[in-house]
Each structure stands twice: as structure tokens, then as C-alpha cells.
Amino acid sequence: MKFLDFFRSSSKRNSSSVAKERLQIIVAHERRRASSPDFLPRMQQDILAVVRKYIPIGEDQIKLSVDRSGDCEVLELNIALSETTGK
Amino acid sequence: MKKKSGNKSRKLAVVEETSATEEAKKLATVVVVTSGKGGVGKTTTSAAFSSALAQKGYKTVVMDFDVGLRNLDLIMGCERRVVYDLLNVIHGEGSLNQALIKDKRIENLYILPASQTRDKDSLSIEGVERVINELKERFDYIICDSPAGIEKGAVTAMYFADEALVVTNPEVSSVRDSDRIIGMLASKTRRAEQGLDPVKEHLLVTRYDPSRVDRGDMLSATDVQDILAIPFLGVIPESKSVLVASNSGAPVILDNESDAGEAYFDVVDRFLGEERPFRFMDVPRKGLLSRFFGT
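A quick note: this is a predicted structure, and the numbers were derived from the prediction, not measured.

1. Regarding the overall build of chain A
Within chain A, the regular secondary structure consists of three helices and two strands. For chain A, the succession of helices and strands along the chain, N to C, is α-α-α-β-β. A sequence separation of at least 24 residues applies to 25% of the contacts in chain A between residues at least 6 apart. In the form shown here, chain A has an accessible surface area of approximately 7,000 Å², with 56% of it arising from carbon and sulfur atoms.

Written out as C-alpha cells, the structure is:
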């Protein structure tokens with residue numbers, strides 16, 4: 001760190017560490033998506049159709065994902081019911 | 001041919017990574033130079049890397065896969081000697097010997113240009129396979145200069161690869177695109193499809209500026225390694241000599257004064273399994289005054 005930089009950048013964070021942080025997040029996200037099976041979106045549509053026969057829910061209330069931890073894979077299905085649909 | 005006696009004890013030596021020098025009859029190693037993003041230095045790297053390999057005595061051919069936007073011929077300075085190209089060979093309009101251009105400066109080095117006029121789709125995997133199989137008999141290294149993008153051209157260039165140089169600039173979009181390409185190397189290549197050993201990946205960080213890294217406004221080589229998580233081959237410093245080299249159509253390793261050229265030689269040595277100290281990663285030391293006030 002140079003003498004003058006001390007005054008110049010004391011308040012501002014290095015842009016390279018911002019870049020690294022952003023990259024780590026987006027790359028991890030994209031790797032997860034790339035490794036999930038490609039039938040997932042279709043399966044999500046099918047489940048949505050079945051649930052909708054009984055409960056009215058929106059597209060964004062259902063989430064389907066495959067997570068990997070070690071050599072174990074977990075298929076996670078999340079359906080959020082809004083207050084009006086509960087009754 | 002060696003005699004068969006004592007082959008029990010020799011089994012250990014038959015692991016994959018025997019050096020090319022000790023087995024003259026080994027088929028060529030196919031190396032793809034790839035990146036996803038354009039303009040990061042794939043063609044510069046293909047030219048320098050293949051030239052350095054040839055200068056070290058390996059019979060090397062460098063192939064351009066960028067159909068319609070070929071530029072390797074220009075960077076190698078043989079643009080006026082192109083008569084037949086890769087697609088002519090694939091479609092039987094010319095022989096491989098007619099299409100291969102022998103470099104006039106470096107012994108052992110040949111260039112196989114891409115077509116400038118043909119439709120991209122005429123570059124079939126089967127056709128490329130035939131050409132690569134023929135080249136494999138005659139060369140030690142086949143360097144494939146990939147087009148940018150993740151479309152068919154890039155996939156074709158990487159399909160037959162044994163090893164890959166992933167060329168990355170220390171910059172967000174290039175790193176992200178490299179990550180995509182690394183994913184494709186693990187899924188879209190022949191080695192992946194046939195369940196063979198995976199393509200051996202090497203990270204090459206180009207256009208590196210240690211002083212900007214020091215100031216905190218450029219990702220460091222270590223940052224890039226952390227994110228991409230593939231073995232690191234080295235950096236090529238940002239250098240004026242790269243443009244000078246492409247202006248004159250001479251691979252940058254032919255410039256004895258060039259830091260980038262030296263860096264490419266180091267990279268080739270490391271690629272061949274030799275140990276070389278990592279250079280060009282630190283700012284050259286400056287005097288006291290300029291250190292205080294920054295230049």
C-alpha cells in the first residue's frame with residue numbers, strides 16, 4: 001500500500017475483492033443449476049398441475065431443486081401456501 | 001519394440017503421464033485452447049504455445065476451428081499461403097498435405113487453417129475426427145484453437161481434446177465464461193461421453209497486470225484459481241509486444257525481448273512437466289520515492 005493510497009482509498013473497498021465475491025456467488029449458483037437434471041422444469045410443471053387441482057397456487061409458490069451433499073442427493077420440493085388458499 | 005521379459009515390474013510405469021520424448025510412437029496429444037469469452041488471447045496463446053512446443057523439438061500442428069472468422073493464419077503470418085483449409089480436407093476437395101502449411105521460421109511447426117467462406121455447420125464431428133486421427137499419426141501435439149462462445153464450433157474444437165488450456169483474463173466476465181467452458185469440458189467431450197479419464201485442464205491467466213493487482217483493482221491469479229479450481233499453469237503479463245507480434249505475424253515467443261514470450265516458454269515447460277518458478281506475478285521493485293508517492 002502506497003503512502004498516498006492510504007488517504008485515497010481508506011473508505012472504499014478494493015474493487016477486486018468485490019469482483020471475487022460476486023464471482024464466487026454467481027459461479028456457485030450456475031454450477032448448481034448446470035448440474036441439476038434437465039427434466040426438473042417439466043417435473044415442476046407437472047407437480048404444479050396436480051397441486052392446482054386441489055389448491056389454487058401461483059407459479060412462483062412452488063420450488064423444486066436437487067441438492068448434493070457428499071454422495072447423497074436430495075430432491076427438495078417446496079410449496080408455499082398463501083393465507084387465502086389455506087382455507 | 002521392447003522385449004516382453006520383466007513386464008511385471010514395468011506395469012507401474014505405464015501410467016498415463018509418461019513424457020512424449022520417451023515414446024516416439026505414441027499418438028499425438030490433442031490440446032484445446034478455449035475460453036468461452038472472445039478477445040482474451042486464445043489465438044495468441046495457440047500461436048505462442050504451439051511455436052514454443054515446436055521449438056523444443058516436438059512435431060506440432062496448430063488447427064484453427066473458427067470457421068468464417070479465421071485469424072490464426074494472420075497471427076502466424078501465413079495468411080497468403082492458405083490454399084486449402086480444414087473444410088476442404090473434410091469434404092475431400094484437397095488432401096491434408098495440401099492444406100498443412102509448414103512454418104518458415106520454426107522447424108516441426110505446421111498450421112491447418114479454417115475456412116473463411118464456408119458455412120459453420122459443415123464442420124462435422126465425424127469429419128474432424130478423420131482429420132485428427134490422421135494428424136495423430138504424424139505429430140506429437142495437436143493444438144486446437146477454439147472459436148469464442150459455447151456453440152457448436154467451440155464444442156467441436158474441444159471434443160477430441162486430451163488436455164485443455166483455459167485462457168482467462170482477470171476480469172469478471174471472462175472468469176464466469178471460463179467456468180462454463182470448464183463445465184463443458186467435463187460433459188461435452190469425447191472423454192466425458194465415453195467415460196474415459198477426464199480432459200486434463202490447465203488455467204492460463206492472460207493480460208495480467210501485477211501493479212493493478214497490487215492496487216486492488218484487478219483480480220489476482222490466486223483469486224481466479226480459487227474461483228475456477230483447476231490446476232494453474234501460469235500468467236502471461238499484459239505486454240505491448242503481443243500487439244507488435246500480431247502486427248507482424250510472428251508468434252510472440254520469437255521476440256527475444258518480450259516478457260510475454262518468456263512467460264509462454266515457462267508455461268510450455270510447466271505443461272511438459274518441468275518445474276519453473278512463477279514469474280511476472282509481482283510488481284518489479286521501484287525506488288523509494290516512487291514507492292511513497294506511487295507513479
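2. Observations concerning the packing of helix 2 (residues 42-55) of chain B against helix 13 (residues 259-271) of chain B
All names here are of chain B. Packing of helix 2 against helix 13 leaves a shortest axis separation of 9 Å and a crossing angle of 65 degrees. Classified by chirality, the crossing of helix 13 by helix 2 is right-handed. Here helix 2 contributes Thr44, Thr45, Ala48, Phe49, Ala52, Leu53 and Gln55 to the contact with helix 13, which in turn contributes Tyr264, Phe265, Val267, Val268 and Phe271. Split into classes, the residues belonging to the contact of helix 2 with helix 13 amount to nine nonpolar, three polar and no charged.

3. Some words on helix 2 of chain B
Residues and elements named next belong to chain B. In a regular helix each residue adds 1.5 Å, so 14 residues correspond to 20 Å; helix 2 covers 20 Å between its end C-alpha atoms and thus fits that length. In terms of burial, helix 2 is largely enclosed, as 11 of its 14 residues are buried. All of the buried residues along helix 2 are Lys42, Thr45, Ser46, Ala47, Ala48, Phe49, Ser50, Ser51, Ala52, Leu53 and Ala54.

4. Structural notes on the packing of aromatic side chains
For any two aromatic rings, the description comes down to two numbers: the centre-to-centre distance and the angle of the planes. All names here are of chain B. Going through the model one piece at a time under the given rule, you end up with six aromatic pairs over all chains. Considering the side-chain rings of tyrosine 58 and tyrosine 141, the 5.4 Å spacing of their centres and the 75 degrees angle between planes classify their relative orientation as edge-to-face. One end of the pair, tyrosine 58, is in the loop between helix 2 and strand 2 (60-64); the other, tyrosine 141, is in strand 5 (residues 141-145), and 83 residues separate them in sequence. Comparing tyrosine 58 with tyrosine 141, the two get one shared label, buried. Ring centres of tyrosine 110 and phenylalanine 139 lie 5.5 Å apart, and the angle between their planes is 75 degrees; on these two criteria the pair is classed as edge-to-face. Of the two residues, tyrosine 110 sits in strand 4 (residues 109-112) while phenylalanine 139 sits in the loop between helix 6 (125-138) and strand 5, which places them 29 residues apart along the sequence. Assigned by exposure class, tyrosine 110 and phenylalanine 139 land together as buried. Joined through ring pairs, the aromatic side chains of Phe49, Tyr58, Tyr141 and Phe271 make up one cluster. Lying over the aromatic face of phenylalanine 139, lysine 59 brings its terminal NZ or CZ to 5.1 Å of the ring centre.

5. Things to note about the pairing of strand 6 (residues 163-168) of chain B
Residues and elements named next belong to chain B. With six of six residues buried, strand 6 is to be regarded as a mostly interior element. Residues Glu163, Leu165 and Val167 line one face of strand 6 and the alternating positions Ala164, Val166 and Thr168 line the opposite face, and both faces are buried. Pairing between strand 1 (residues 29-34) and strand 6: four bridges, direction parallel. Note on strand 6: the bridge partner recorded for threonine 34 is valine 166.

6. Considerations on a nonpolar patch on the surface
Residue and element names in this part refer to chain A. A surface patch of nonpolar side chains, amounting to about 240 Å² of accessible area, comprises Leu77, Ile79 and Leu81. Mapped onto the elements, isoleucine 79 comes out in strand 2 (residues 72-79). In this structure isoleucine 79 comes out as partly exposed when scored by relative accessible area, which is 31%.

About the cut-offs
Residues numbered from 1 in each chain as written. Chains lettered and ligands numbered in written order. Predicted model: local features only at pLDDT ≥ 70, side-chain atom pairs only at ≥ 80, totals over all residues. Heavy atoms only, no water. Helix = DSSP H or I, 4+ residues; strand = E, 2+ residues; numbered from the N terminus. Contact = heavy atoms within 4.5 Å. Areas by Shrake-Rupley, 256 points an atom, 1.4 Å probe, with all protein chains shown as cover. Axes fitted to C-alpha atoms, helices over the stretch in contact; angles between N-to-C directions. Left-handed = near helix turned anticlockwise from the far one by under 90°. Nonpolar A, V, L, I, M, F, W, Y, C, P; charged D, E, K, R; others polar. Expected span 1.5 Å × (residues − 1). Buried < 20%, exposed > 50% of the residue type's maximum accessible area, 1.4 Å probe, protein only. Phe/Tyr/Trp six-rings, centres within 6.5 Å; stacked < 30°, edge-to-face > 60°. Lys NZ or Arg CZ within 6 Å of the ring centre and 35° of its normal. Pairing = 2+ DSSP bridges. Patch = residues over 30% accessible without salt bridge, like charges linked within 9 Å, V, L, I, M, F, W, Y side chains within 5 Å. Salt bridge = Lys/Arg side-chain N within 4 Å of Asp/Glu carboxyl O.

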